[in-house]
Amino acid sequence: MGWDAITSQLTAILILDGMAALLQQDPPVYVCLCNGVTDRQVREAVDNGCGSVGELTMRTGCGANCGSCLEMAASMIAEMQAELPLPILACAA
Ligand code: FES
């Protein structure tokens, strides 16, 4: 087997592996259709400290147009915050 054949097979394996990884992920769900904000972006914002719909709007644009997504965004933020570990107080450490 020549070098070209090996690299061709490796490339095919890497492409298939990448496609398999993509297929295993849940597809993104749009929370805000006006501004194209997905549940992944909301998750990322909450993971980075976003704690309110106002902050989410500032960071992502979610809710900045018609506002019909605000209720869903607020409940997602509340759910995601409930999943976060409790903060460790500096004086308790
Ligand atoms: S759906 Fe989010 S502002 Fe319209």
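Residues numbered from 1 in each chain as written. Predicted model: local features only at pLDDT ≥ 70, side-chain atom pairs only at ≥ 80, totals over all residues.

A. Inspection of the overall build of the protein chain at higher detail. Looking only at helices and strands, the protein chain features 4 helices and 2 strands. Reading the protein chain from its N terminus to its C terminus gives the helix and strand order α-β-β-α-α-α. The globule rule puts the C-alpha radius of gyration for 93 residues at 12 Å, and the 20 Å found for the protein chain is more than 25% above it. If one aligns the C-alpha atoms of the protein chain with their principal axes, the spans along those axes are about 60 × 45 × 20 Å. For the protein chain, buried positions account for 19% of its 93 residues. By sequence separation, contacts in the protein chain at least 24 residues apart represent 43% of the contacts at least 6 residues apart. (Helix = DSSP H or I, 4+ residues; strand = E, 2+ residues; numbered from the N terminus. Rg over C-alpha atoms; globule rule 2.2 N^0.38 Å. Buried ≥ 20, exposed ≤ 12 C-beta atoms within 10 Å, placed from the backbone. Contact = placed C-beta atoms within 7 Å.)

B. A look at the confidence of the model for the protein chain. Per-residue pLDDT for the protein chain averages 88, and the proportion of residues at 70 or more is 92%. No element of the protein chain has a lower mean pLDDT than helix H1 (residues 3-24), at 78, and none a higher one than strand S2 (residues 37-38), at 98. (pLDDT = per-residue confidence, 0-100.)

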